Structures are given as C-alpha cells and as structure tokens.
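Structural overview for review
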Amino acid sequence: MHRTTLLHEDFWKLRAEATWGNAAAGDDLGALRDENAQLRRALAGRAVIDQARGMMMVLTP
C-alpha cells in the first residue's frame, strides 16, 4: 500500500511558530503527531480485518 502525504507550504513555518518560546505547544505538537501516526497504523490494519470479515461472510452460509 502506498501512502501519499500532502504537506502544506506553511507546515514548517507553523511548526516553528508553535515550538519557539513555548515548550508546552511543542509538547502538544509532538503528542498530536504520535497520536496521528498511531491512528494511521490502526486504519491500515483495519483494511485487513475487513477483508477477513468479507471472506468469512462468503464462506459461512
């Protein structure tokens, strides 16, 4: 599976503004990035589960 990530032009500028002089905002940004990565992994695994469910529905009368 290929994943394409679209980054906005101002992404790095926004990150710099969020982290410069405000450690709490930088921590929040890091926590949000970790959560986002975790949710992406969960969604990627969900496709496999849905395929398995589909096969079970076909094979089970």
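Quick note: structure is the one above.
Let me begin by describing the structure that accompanies this report. All values derive from a computational prediction rather than experimental measurement.

**Quick notes on the overall build of the chain**
Across its full length, the chain carries 2 helices and 0 strands. Here the chain holds 61 residues, and 0% of them are scored as buried. Taken as a whole, the chain presents about 5,900 Å² of accessible surface, with 61% of it coming from carbon and sulfur.

**Remarks on the pattern of salt bridges**
Pairing between side chains of opposite charge can happen when their charged atoms approach one another. On inspection of all chains with the given rule, the structure shows 2 salt bridges. Notably, a salt bridge pairs R46 with D50, separated by 3.4 Å at the nearest N-O pair. Here D50 and R46 lie together in helix α2 (residues 23-59), a separation of 4 residues that amounts to about one turn. Exposure remark for R46: the relative accessible area of 42% places this residue in the partly exposed category. Judged by relative accessible area, which is 36%, D50 ranks as partly exposed. With its nearest N and O atoms 3.8 Å apart, the salt bridge here joins R53 to D50. Taken together, the positions of R53 and D50, both in helix α2 and 3 residues apart, correspond to about one turn of that helix. The class of R53 is partly exposed, set by a relative accessible area of 48%.

Cut-offs used in this document
Residues numbered from 1 in each chain as written. Predicted model: local features only at pLDDT ≥ 70, side-chain atom pairs only at ≥ 80, totals over all residues. Heavy atoms only, no water. Helix = DSSP H or I, 4+ residues; strand = E, 2+ residues; numbered from the N terminus. Buried < 20%, exposed > 50% of the residue type's maximum accessible area, 1.4 Å probe, protein only. Areas by Shrake-Rupley, 256 points an atom, 1.4 Å probe, with all protein chains shown as cover. Salt bridge = Lys/Arg side-chain N within 4 Å of Asp/Glu carboxyl O.

In short, geometric facts, not functional conclusions.
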